[in-house]
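Commentary on secondary and tertiary structure
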Amino acid sequence: MTSTHRPLLPASRRAAQVLAAVGAAALLVTGCGSDNGSDDKGSESTSQGAGGGQTREIKDATGKLVKVPAQPKRIVTLTQEDLDAVLALGLKPVGITNGQGLSKPPAYLEDKVKDIKVVGNLLQPVMDKVIAAKPDLILAGDMQDEQVLKQLREITPATLVTMAPTDDWKLSFRGIGNALNSMDKANKVIADYEAKAKKAGGELGDNKGAEVSIVRWNPDGPSWMEKKQFASGVALDMGLKRPKVQDKDGNAHTPALSLEKINEIDGDWLFLSTLTSDGEKALKDVQSKPAYKDLNAVKKDHAVTVNGSVWSTRGGPLASQVVIDDIVKALKK
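Read on for a plain summary of the structure. In this text, all values refer to a predicted model and were calculated from it rather than measured experimentally.

What counts and how
Residues numbered from 1 in each chain as written. Predicted model: local features only at pLDDT ≥ 70, side-chain atom pairs only at ≥ 80, totals over all residues. Heavy atoms only, no water. Helix = DSSP H or I, 4+ residues; strand = E, 2+ residues; numbered from the N terminus. Buried < 20%, exposed > 50% of the residue type's maximum accessible area, 1.4 Å probe, protein only. Contact = heavy atoms within 4.5 Å. Areas by Shrake-Rupley, 256 points an atom, 1.4 Å probe, with all protein chains shown as cover. Core = buried A, V, L, I, M, F, W, Y, C linked by side-chain atoms within 4.5 Å. Polar contact = N/O pair within 3.5 Å; in protein donor to acceptor, adjacent residues only side chain to side chain. Pairing = 2+ DSSP bridges. Axes fitted to C-alpha atoms, helices over the stretch in contact; angles between N-to-C directions. Nonpolar A, V, L, I, M, F, W, Y, C, P; charged D, E, K, R; others polar. Phe/Tyr/Trp six-rings, centres within 6.5 Å; stacked < 30°, edge-to-face > 60°.

Scanning the protein chain for helices and strands turns up 12 helices and 14 strands. Put simply, the protein chain has 333 residues, and 53% of those count as buried. In the protein chain, of all internal contacts separated by at least 6 residues, the share reaching a separation of at least 24 is 64%. Split by element, the accessible area of the protein chain, about 15000 Å² in all, is 51% carbon and sulfur.

Quick look at the nonpolar core now. F173, M238, L240, F271, W311, I327 and L331 are the most contacted members of the largest nonpolar core, which has 53 residues in total. By size, the runner-up hydrophobic cluster in this structure holds 18 residues, among which are V119, L123, M143 and L152.

Here we take up the side chain of R56. For R56, the location among the structural elements is in strand β2 (residues 54-59). Taking the relative accessible area as the measure of exposure, R56 reaches 1% and is therefore buried. Within the structure, R56 has its side chain in polar contact with the backbone oxygen of N178 (distance 2.9 Å).

In this structure, strand β11 (residues 212-218) lies alongside strand β12 (residues 221-224), joined through 4 bridges in antiparallel fashion. Across the sheet, residue V215 finds its bridge partner in β12, namely W224. Between β11 and the antiparallel strand that follows it, β12, lie 2 residues.

Another point: unusual backbone geometry. In the Ramachandran plot, L123 falls in the positive-phi region, its phi being about 60 degrees despite a non-glycine side chain. Mapped onto the fold, L123 is located in the loop between β7 (120-121) and β8 (124-125). Residue class for L123 comes out buried when judged on its relative accessible area of 17%.

Quick look at the sheet that holds β11 now. Strand-to-strand pairing in sheets goes through backbone hydrogen bonds, with the strands running parallel or antiparallel. Taken in spatial order, the 4 strands of this open sheet run β12-β11-β13-β14, and their pairing is mixed. At either end of the open sheet lies a strand with only one pairing partner, and these are β12 and β14 (303-305). Put simply, the sheet's adjacent strands are angled 30 degrees from each other on average, direction ignored. Running over the sheet, helix α8 (residues 277-286) touches β11 and β13 (269-273) and is turned about 115 degrees from β11.

What follows concerns the environment of R216. Along the polypeptide, R216 turns up in strand β11. Accessibility expressed as a relative area gives 10% for R216, which makes it buried. For the pair R216 and N307, spaced 91 residues apart in sequence, the C-alpha to C-alpha distance is 9.9 Å. A distance of 3.1 Å separates the side chain of R216 from the side chain of H253, its partner in a polar contact.

Next up on the list: the packing of helix α6 (residues 183-201) against helix α7 (residues 230-237). At a closest axis distance of 8 Å, the pairing of α6 and α7 adopts a crossing angle of 65 degrees. Facing Y193, A197 and K198 of α6, the residues of α7 in contact are G233, V234 and D237. Considering only residue class, the contact of α6 with α7 consists of 3 nonpolar, 1 polar and 2 charged.

Turning next to the packing of aromatic side chains. Taken as a whole and judged by the stated rule, the model has 4 aromatic pairs. Considering the side-chain rings of W217 and Y292, the 6.3 Å spacing of their centres and the 75 degrees angle between planes classify their relative orientation as edge-to-face. Linking W217 in strand β11 with Y292 in helix α9 (residues 290-293), this pair joins segments that are 75 residues apart in sequence. Judged by its relative accessible area of 3%, W217 is buried. Between the aromatic rings of F271 and W311, the centroid separation amounts to 5.0 Å while the plane-to-plane angle is 15 degrees, which identifies the pairing as stacked. Pair noted here: F271 is in strand β13 and W311 is in helix α11 (residues 308-311), with a separation of 40 residues, a long-range link. Of the two residues, F271 and W311, both sit in the buried class. The rings of W169, Y193 and F230 are connected pair by pair, giving a single aromatic cluster.

Structure (structure tokens):
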């Protein structure tokens, strides 16, 4: 299996880092403070900053202790997942990066970020632009480039890696909620999402509990998503199932499949996405081939094209709403 959307380290190094990251990610939300600044010292402490402002010491997704402003005012986000989370918590960053596979911010957040400065592409910040944003907190997603992190920490020591390789979106979101001193609000956002997902899934009529295949089409073929990948998790929270061959734990996706194995992507419903123009062309080309036309989901007109920059990413609360709406639109007949 490979990462759902960003390249990871070679297998030998990744295995060791994943084990460390799992524990570190858990520490990120252990003993988190509430919105009103609780006295819990499990993973944070509050002190007076050099500039007179209150600071809190928390652990990021790597286990690193970082001092952050008690009430950050100028947040820069380096991934769309960080951006999604900040917006879902009712805050507005001063700098953002372009979306996954895009040269502009993600379309599903477009109306919320029109006047926010873009400081680079996903996990590729332009340092001069970050400096110009004058951040007091940088949310660096799953950044693994230590040289880039060093440069960011020279801009502000309050630079956090917010997600580990094995984190699901809810864990990452709670970690960001902790960093923003908004854990109560983060927990409410997740509770509201879970209630909406359950309600929507229960209103699908004959398609309640259907098997849904979630696939990204790459230039060299399709990859299906594991159960803990973002969109897969949303489908499961709605009470839907995955086809037996796709009923695998993990938050990654398969290597690209050949046409000989295309039956692995079949299901009651087939949700297809792409991330690049080459992937889009490859999907269009295969749709005229007998192997694709023979899929049961295709024969039943149950193949649905969805936005890869939402469905094929790590996700967040606002993206989850898009996935729920897409599923309801397709299945609620």
